[in-house]
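Listed below, chain by chain, are the residues.
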Amino acid sequence: MAANQLARELGARIERINYPFIHDIVPAMTTVGIHYDPYRVQLGESGKLPYQIVEALLEQAMTDDGEALLDTARIIDIPVCYGGEYGPDLNEVAEVCGLTSYEVIHLHSYELFDVMAIGFAPGHPYIGLFDEQLCPPRRATPRTAVPVGSVGLANRQSVIYPVTLPGGWNLIGRTPLRIFNPSRSEPCLLQAGDKVRFVSISAAEFGALNEHAGGAQ
Amino acid sequence: MSIEVLKPGALTTLQDLGRRGFQKLGVPVNGVMDERAHRLANALVGNPPHIATLEITLMGPTLRFTVDSFVAVTGADLDVRINGEPLSPNQASSVKGGNEVVFGRRREGVRAYLAVRGGFNVDPVMGSASLFARGGYGGFAGRALAKGDVIHLSTLSNVATPPAYKDLRPVGQDVLDDVCASIRVVAGREWGLFDANSRAAFQEKSFRLTPQSDRMGFRLEGPKLELTRASQMESEALAFGAIQVPADGNPIVLMADRQTTGGYPKIAHVCAVELPRLAQKMPGEFINFKVIDIGEAQRLLLSQERTFVSWEA
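Cut-off values and rules
All residue numbers refer to position in the chain's written sequence, counted from 1. Chains carry letters from A onward and ligands carry numbers from 1 onward, assigned in written order. Totals for whole chains, interfaces and linings use all residues, but because this is a predicted model, local features are given only for residues with pLDDT of at least 70 and pairs of side-chain atoms are given and counted only at 80 or more. Only heavy atoms go into the side-chain values, all of them from the structure, while hydrogens and water stay out. The cut-offs for exposure are 20% and 50% of the maximum accessible area for each residue type, with area from a 1.4 Å probe on protein chains only; residues under the lower value are buried, those over the upper are exposed, and the others partly exposed. Helix and strand definitions follow DSSP, with helices as H or I runs of at least four residues and strands as E runs of at least two, each counted in order from the N terminus. Strands were regarded as paired on the criterion that DSSP finds at least two bridges between them. The contact criterion used is simple: two residues touch if any of their non-hydrogen atoms lie within 4.5 Å. Each of two parts loses accessible area, computed with a 1.4 Å probe, when they are put together; buried area is these two losses added. The working definition used for a salt bridge is a side-chain nitrogen of Lys or Arg within 4 Å of a carboxyl oxygen of Asp or Glu. By the criterion applied in these results, polar contacts are pairs of N or O atoms within 3.5 Å in which, for protein atoms, one can donate a hydrogen and the other can accept it, and in which residues neighboring in sequence qualify only through two side-chain atoms. Residues are grouped as follows: Ala, Val, Leu, Ile, Met, Phe, Trp, Tyr, Cys and Pro are nonpolar; Asp, Glu, Lys and Arg are charged; every other residue, Gly included, is polar. Structural elements are reduced to axes, namely lines fitted to C-alpha atoms, with helices fitted over the stretch in contact, and the angle between N-to-C directions of any two is expressed from 0 to 180 degrees. For our purposes a nonpolar core is just a set of buried Ala, Val, Leu, Ile, Met, Phe, Trp, Tyr and Cys residues, chained together by side-chain atoms within 4.5 Å.

Draft legend 1. Representation of helix α1 (residues 35–44) of chain B within the structure. Residue and element names in this part refer to chain B. The buried fraction of α1 is high, at nine of 10 residues. The set of residues buried in α1 consists of Arg36, Ala37, His38, Arg39, Leu40, Ala41, Asn42, Ala43 and Leu44. Following α1 by one or two positions, Gly46 adopts a phi angle in the positive range, close to 80 degrees.

Draft legend 2. Local environment of the pairing of strand β2 (residues 32–36) of chain A. Residue and element names in this part refer to chain A. Of the pairings in the sheet, the one linking strand β1 (residues 22–27) to β2 comprises five bridges and is antiparallel in character. By the bridge assignment for β2, Ile22 is matched with Tyr36. Remark: four residues form the turn of the hairpin made by β1 and β2, two consecutive strands paired antiparallel.

Draft legend 3. Highlighting the interface of chain A and chain B. At the junction of the two partners, chain A supplies 34 residues and chain B supplies 30 residues. Roughly 2600 Å² of surface becomes buried between chain A and chain B when both sides are summed, with 64% attributable to carbon and sulfur atoms. It is A:Asp24, A:Tyr39 and A:Leu49 that lose the most area in chain A upon contact with chain B, and together they represent 19% of the buried surface on that side. Inspection of the chain A/chain B interface yields two salt bridges. Here chain A is connected to chain B by 12 residue pairs in polar contact (both at pLDDT 80 or more). Elements that contribute at least two residues to the side of chain A that touches chain B include exactly β1, β2 and α2 (50–63) of chain A. Among the elements that take part in the side of chain A that touches chain B, β1(A) stands out by supplying five residues, more than any other. In terms of residue class, the side of chain A that touches chain B is made up of 21 nonpolar, nine polar and four charged.

Draft legend 4. Structural view of the side chain of B:Ser128. Residue and element names in this part refer to chain B. Along the chain, Ser128 turns up in the loop between β10 (108–116) and β11 (150–152). A relative accessible area of 0% means that Ser128 is categorised as buried. A polar contact is formed between the side chain of Ser128 and the side chain of Asp16, at a distance of 2.8 Å. Within the structure, the side chain of Ser128 is placed 2.9 Å from the backbone nitrogen of Ser130, a separation counted as a polar contact. Apart from the residues within four sequence positions on either side, Ser128 is in contact with Asp16, Gly18 and Arg19.

Draft legend 5. Expanded view of the side chain of B:Thr307. Following the sequence through the fold, B:Thr307 ends up in helix α5 (residues 294–312). When near neighbours in sequence (up to four residues on either side) are disregarded, B:Thr307 contacts B:Arg169, B:Pro170, B:Val171 and B:Gly172.

Draft legend 6. Layout of the sheet that holds strand β3 (residues 53–57) of chain B. Residue and element names in this part refer to chain B. Strands sit in the order β2-β3-β10-β5-β8 across an open sheet of five strands; the sheet is antiparallel. The outermost strands of the open sheet, each flanked by one partner alone, are β2 (11–15) and β8 (93–95). Within this sheet the neighbouring strands show an average axis-to-axis angle of 30 degrees, counted without direction. As defined by bridge partners, β3 adjoins β10 across four bridges and the pair is classed as antiparallel.

Draft legend 7. Highlighting the nonpolar core. Residues and elements named next belong to chain B. One finds Leu54, Val101, Phe103, Leu114, Val116 and Phe120 to be the most contacted residues of the largest nonpolar core, which totals 29 residues. Residue assignment for this core shows that the elements contributing at least two residues are β1 (2–7), β3, β4 (62–65), β5 (69–77), β6 (80–82), β9 (100–103) and β10. When near neighbours in sequence (up to four residues on either side) are disregarded, Leu114 contacts Thr53, Leu54, Ile56, Leu63, Ala72, Val73, Val101, Phe103 and Phe120. Counting residues in each nonpolar core, the second largest holds 27 residues, with Met33, Val185, Phe207 and Phe218 among its members.

Structure, rendered in C-alpha cells:
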C-alpha cells in the first residue's frame, strides 16, 4: 500500500516537472513507467546518451524533497446494483468468504477506497484494498464476455469493466455509470489516486441512471 | 474530395504516430506498426509525419479516387496499380479523379502504407486518428475499412499541387541492417530471472512467428524460456517491443495495439529501429535475436531520427 502511494506520488511529481521529452507517465501498483523520446533529450556537450541524462534527472526528482501532491485526491461515488442478474457471483463470494451477501456489500461500500492503478483496458481501475475478509480468489475459468459496468472482486481488490471484455473476476454487481467513453472530453471517469465510494442502489435506480443504454455498448 | 472503398482488403486501417499521453488511463497507444514506412510515405507526398496513413495488411483494398491527388505507397510490396499501370513504390504518384488504385498479390513484407497528399479528413479521438479496433474507436468510424465506405480527404487547398520533389536520403545502413539479420534487442528488466539455458537459447536459436500474431502481439514459438524459479510480479508499464514470457515459456512481442501494463517477466525489448523490420514478418517466418546494449540502441535511434528530420525539413 505504501509502495503504491509512493509510485503515484512520484508519477505526479514527474508530471509536474513537465519534461518535454516525456510523453507518458504510467504509475502501476509499485512502479512508475516513463515513456520518452530519446531524440528530444538535450544532449549538450556532455557526451552522454539520452538514457543517462534521463536517469540522472529522474533520480534527482525522486530524491528531491517535495510537498505531497496527493492530498487533493478527488472523491467519486460509484453507484452499484449488487447481486441478482448484475452480480451473479455475489452469493458464491459470500459463501467463500464465510459472510452473508449483505455483509459483503457492507464491507465493499460506504467507505472510501483508493484507485491504485489503471490498466489492462482503457479506464479499467484496480481499487482497494478491501477488508481482509473480502479475499475470494479469481474464478478458475474466466468468462469470455463480462458485461460493461460489471464490478469484479478478488483478492481484496475490485475492478470495473469499462467495455465488454473477457475476465476472471467474481462479479458482485454492476454500475450504471460509463467509466470509459472515448468521445467524452474526459474519456475516463477514474484515474490513479482518486478515492471512490461504492454506493448500493436498487435495480430500479440502476435503470434510471443507466448510461449504457441506447446502444452505448 | 474523397476515396471510395470498392474492396476493403483483409485489414485496412487508418493509423498515425499513436495516441500519446493517455497510457496512465489504460488507453493503448495504437498507431502504425512500421513507423519508417509511414514516415517515408508522408514525406514523399509532402505531409508532416503525424498525418494518418492507410495501413494495408497482406491483401490490399481497391480504392477509387473522386478527385485528382498524389499518393505514395511504402512498406510491403503488394503489387499496387493505378488503372492497371504499376505504381512505383517509394515515390509520389499522381492519381486522377476516377482512377482506381488496386492492390494485388503480396510479393514481400506484410504491411503497406498509403499516404495521400494533405491526408484524410477524420476526427481524432484522444488526439489521434489511429484505429483501436478492440476499443471500437479512432480510425474511420471506429473500425477497419469496409466495402462502400467513403473517406473524405483533407480540404487543404494545396492538395492538387504536386509535392516538391525531394531526393530523400536512405536510412543509414547501421539502422537498417540486413533483412535476414537478427533482430536487435536490449535485455529486459527480468533478464536476470531467466535461467542460463533460456538466456543462451534466446540469443542462439530461432523463433517462429505463429499465426496467432496480430497488431497487439507477435506470439513466438521456439525453445521454452524458463525462470530460475517461479516469480509473482505486479503489473507494470509496457513499451512497444517488450518481449513478455508467460508461464508457458513462449515469448510474446508487444506490438502497436499492446495493452498499457502487464505482469509477465520481460526477457528483452526489441530496439525501436528494429520494430519496422519485425512488423513486416509473415507468420511462419523465423526470427533470431541479438542482444545489444542500450547505448548502441539509442545511437541507432538517434541516427534514424536524423534521417527522418532531413526528410521532413
